[in-house]
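Chain by chain, the residues run as shown.
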Amino acid sequence: MTMTPPPPTAAGIVAAELAAPSPGWFEESDVVVIGSGIAGLSLALHARTLGYRVMVVTKSRVEHGSTQWAQGGIAAALDEDDSPDDHLRDTLTAGAGLCDEDAVRVLVTQGPGAVRGLVELGTRFDRTAGGDLALTREGGHLRDRIAHAGGDATGREIVRALVSAVHDDDGITLYEQALALDLLRDGDGAVQGITLHVMEQGQRDGVGAVLAPAVVLATGGLGQVFAATTNPLVATGDGMALAARAGAVMADLEFVQFHPTVMWLGPAARGQQPLVSEAVRGEGALLLDPHGRRFMMDRHPLAELAPRDVVAKAIMQVMRESGAPHVWLDGRALGADVWRERFPTILVRSRELGFDPVTQLVPVAPAQHYASGGVRTDLSGRSSIRGLFACGEVACTGVHGANRLASNSLLEGLVFAERIADVLATGLPRRREPVARSQSEFVMDEAARPLVQSAMSDGVGVLRSAQSIDAALRELDRLPREFPGEAATAAWETSNIATVATVLAHQAGGRTETRGSHWREDYPETVPAWAVHQATRLVDGELVTELAPLSTPRWEAWP
Ligand SMILES: Cc1cc2nc3c(=O)[nH]c(=O)nc-3n(C[C@H](O)[C@H](O)[C@H](O)COP(=O)(O)OP(=O)(O)OC[C@H]3O[C@@H](n4cnc5c(N)ncnc54)[C@H](O)[C@@H]3O)c2cc1C
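Values in this document were obtained by computation on a predicted structure and should not be read as measured data.

Peer 1: Account for the layout of surface pockets, naming residues and giving values.
Peer 2: One way to see where empty space is left: roll a probe the size of a water molecule over the atoms. Taken as a whole, the second largest pocket spans an internal volume of roughly 650 Å³. In terms of lining residues, the second largest pocket is bounded by 27 residues, among which Ala228, Trp264, Pro366, Ala367 and Ser457 are the most central. Only β16 (256–263), α7 (308–322), β20 (362–371) and α11 (449–459) provide two or more residues apiece to the lining of the second largest pocket. Per element, the largest residue contribution to the lining of the second largest pocket is four residues, and it comes from β20. Residue composition of the lining of the second largest pocket, grouped by class: 19 nonpolar, six polar and two charged.

See below:
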């Protein structure tokens, strides 16, 4: 058993910049936020209260992101029978020995206040007959602590409230259809803004630059790196790729959560697939094998409500043993009223797809769902690059460890947006002129996208081995690099997908053990000495990984 960092990987598709035309227009701001999910919009609102000029750039419409798809809800110790310590314990258990306890403590302690802040902003969570927040339970939680809205439409309601607050604030400039490309840096390497491509917004069109001494990545996850995912089309890992290109420390990317119960729509289904929330199992739905037998009872004391990695692995084992492409979710005992009131969105979507969960079994299988790793940050959302923050799913704060506890991700975006705002309250990083960079450029034809997705799903999916990961890395290395004509959005996104895939496969290959959502067939045991993070950086065209201890990094504080 090796317990050393993986050898450097030649990272031809992790070049220093995306190939793009030089900026044709310039703007200035104090803070640029890239992304308009719960992390980006919360941060923008906080930064405005500090009096800064804030610009939010988002590559599609403002509401498009994973946040609006969140069904189950947001976790926080809000009940009088619950406590931050209980929430901490459940988060550490799910994280399989890889959480940074200091980061989790921040999450669970600040969580209840942050959720109350959302309520004050106008978010209409579901309530009990007595008027209290209605709290439910999800996999891995030993208490009822999930606040939800519109039954299973929590994300939509949160986005509605946040977007409405942002629209009401004249001090926030919002650019939609604006794709961030790369960072602008000064002579010392500190961030001084971004380059971006905007599609027809008044005076702004084409590639431009926004100069700002504080840039916040809030670009969400990387689901589109895989063939089947619950994530929307915008989840192409852009923020992670951009940071990796700039040489930021990336950590824990090997810990990709595969959601156990994603509707199985046939072997050819690709892209975003419909999720059946864990909360459905929380209300009593069961998992059945192809013979109609429950199989979670003897695998975990929490049975169907075991942590996600346990359930996903059990489903994969049943599928392998039986040769079936899916298992069944049985929610018939919930009854029509519970389905209608608690899960209206899932009910409608299932019926559209031909399954009535009130009377029928629903076919489900695991699919990519959440990136536990990302751009490594400290307890205040600072990345390893001066002036660059990361918040939400793009970040690796250390709270999720090897496996995210259900409904902790919306909370992470909220809490760490507040923490970044606390740093900004002490001042902005120094503003200086950006310098031109003369390093390598790269862009990939969009035709490569399905090739990357297949390579990653086949080689670095729920089950991995040295052989399958090497095969994926070889596929990535063989991708065509010639690009005909001038690059546009689809090509830049495809390049980002390929870059993130490379870093992820590199880290998955390095971790020679099984832990949390990282399941190695060739290394089935959890190795205590592997209770460390892999911290990877692009150095002189190679991905170099170091092993880092389980506490958030303490790099030099700025501004
Ligand atoms: C189906 C589903 C159900 C889920 N259910 C839950 C749940 O119940 N509870 C929970 O806690 N979590 C849940 N999650 C996870 C959670 O929704 C996400 O982790 C969280 O919303 C991420 O928020 P974010 O602000 O970091 O990113 P997002 O909400 O994904 O927003 C990212 C933003 O960045 C923009 N962007 C990306 N790249 C660029 C670029 N290059 N330039 C400009 N803009 C860019 C996107 O357009 C988008 O606006 C669920 C996820 C999915 C997909």
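Peer 1: I'd like to hear about the site of the ligand, residue by residue, with values.
Peer 2: Neighbouring the ligand are 38 residues; Thr67, Gly73, Asp238, Glu393 and Ser409 lie closest to it. The contact in question runs from a nitrogen atom of the ligand to an N or O atom on the backbone of Gln71, over 3.4 Å. Ser409 is positioned with one of its side-chain polar atoms (N or O) 2.8 Å from a nitrogen atom of the ligand. Out of a free accessible area of 1000 Å², the ligand has 98% covered by protein chains. Contributions of two or more residues to the shell around the ligand are made by α1 (38–49), β10 (178–185), β20 and α10 (408–424). Here the residues of the shell around the ligand sort into 14 nonpolar, 20 polar and four charged.

Peer 1: Give me the lowdown on the packing of aromatic side chains, citing residues and values where you can.
Peer 2: In total, this model carries four aromatic pairs according to the counting rule given. When the ring of Trp25 is compared with that of Tyr175, the centres are 6.4 Å apart and the planes differ by 65°; the resulting orientation is edge-to-face. Placement of Trp25 in the loop between β2 (17–18) and β3 (26–28) and of Tyr175 in strand β9 (residues 172–175) is noted, with a sequence separation of 150 residues between them. Just as Trp25 is buried, Tyr175 falls in that class too. Each ring, one from Phe389 and one from Trp558, has its centre 4.8 Å from the other, and the planes form 65°; the classification is edge-to-face.

Peer 1: Got a sec to walk through the side chain of Glu17? Specific residues and values, please.
Peer 2: Turning to its location among the elements, Glu17 is positioned in strand β2. The exposure class assigned to Glu17 is buried, which follows from its relative accessible area of 19%. Not counting chain neighbours up to four residues away, the residues in contact with Glu17 comprise Asp182, Arg245, Arg437, Ser440, Glu441 and Phe442.

Peer 1: Would you mind going over unusual backbone geometry in detail, with residue names and values included?
Peer 2: Residue Trp558 is joined to Pro559 through a cis peptide bond whose omega torsion reads 10°. Although it is not a glycine, Gln177 adopts a positive phi angle of roughly 50°. Here Gln177 lies in the loop between β9 and β10. Judged by its relative accessible area of 30%, Gln177 is partly exposed.

Peer 1: Which residues make up the sheet that holds β3, and what values do they have?
Peer 2: Reading across from one edge, β3-β12-β11-β10 is the order of the four strands in this open sheet, with mixed pairing throughout. Among the strands making up the open sheet, the edge pair consists of β3 and β10. Between one strand and the next, the sheet's axes are offset by a mean angle of 30°, whatever the strand orientation. In this sheet, strand β12 (residues 204–211) lies alongside β3 in parallel orientation, the contact comprising three bridges. Bridge pairing in β12 places Glu27 opposite Val210. Of the strands in this sheet, β10, β11 (191–201) and β12 are in contact with helix α13 (residues 489–510), which crosses β10 at around 60°.

Peer 1: Go over the sheet that holds strand β7 (residues 135–136), please, and point to the residues and values.
Peer 2: The strand order across the open sheet built from three strands is β6-β8-β7, with neighbouring strands paired in antiparallel fashion. One side of each edge strand has no neighbouring strand; the edge strands of this open sheet are β6 (74–75) and β7. As paired elements, β6 and strand β8 (residues 146–147) share two bridges and run antiparallel to each other. When the sheet's bridge partners are listed, Ala75 is paired in β8 with Ile146.

Peer 1: Which residues make up α1, and what values go with them?
Peer 2: Taking 1.5 Å of rise per residue, the 12 residues of α1 would be expected to cover 16 Å, and the 17 Å separating its terminal C-alpha atoms lies within 8% of that figure. Across the 12 residues of α1, nine count as buried, placing the element largely inside the fold. Along α1, the positions that sit buried rather than exposed are Ile38, Ala39, Gly40, Leu41, Ser42, Leu43, Ala44, Leu45 and Ala47. Downstream of α1 by a residue or two, Gly51 has a phi angle that is positive, lying close to 90°.

Peer 1: Any chance you could break down the environment of Thr123 for me, citing the residues and the numbers?
Peer 2: Summarising the element assignment, Thr123 is placed in the loop between α3 (101–121) and β7. A residue is classified by how much of its surface remains accessible, and Thr123, at 4% relative accessible area, is buried. When sequence neighbours within four positions are dropped, the list of residues in contact with Thr123 reads Leu118, Glu157, Ile158 and Ala161. At a separation of 2.8 Å, a polar atom in the side chain of Thr123 contacts the main-chain carbonyl oxygen of Leu118.

Peer 1: Can you lay out the side chain of Arg376 for me, pointing to particular residues and giving the numbers?
Peer 2: Locating Arg376 in the fold gives a position in strand β21 (residues 374–376). Engagement of the side chain of Arg376 in a polar contact is seen with the backbone oxygen of Cys396, the distance being 3.2 Å.

Cut-off values and rules
Residues numbered from 1 in each chain as written. Predicted model: local features only at pLDDT ≥ 70, side-chain atom pairs only at ≥ 80, totals over all residues. Heavy atoms only, no water. 1 Å grid on protein atoms, 1.4 Å probe; cavity = no way out; pocket = protein on both sides within 12 Å on 5 of 7 lines; lining within 4 Å. Points joined across faces, edges and corners; volume = space filled by probe spheres on them. Helix = DSSP H or I, 4+ residues; strand = E, 2+ residues; numbered from the N terminus. Nonpolar A, V, L, I, M, F, W, Y, C, P; charged D, E, K, R; others polar. Near = heavy atom within 4 Å. Polar contact = N/O pair within 3.5 Å; in protein donor to acceptor, adjacent residues only side chain to side chain. Areas by Shrake-Rupley, 256 points an atom, 1.4 Å probe, with all protein chains shown as cover. Phe/Tyr/Trp six-rings, centres within 6.5 Å; stacked < 30°, edge-to-face > 60°. Buried < 20%, exposed > 50% of the residue type's maximum accessible area, 1.4 Å probe, protein only. Contact = heavy atoms within 4.5 Å. Pairing = 2+ DSSP bridges. Axes fitted to C-alpha atoms, helices over the stretch in contact; angles between N-to-C directions. Expected span 1.5 Å × (residues − 1).

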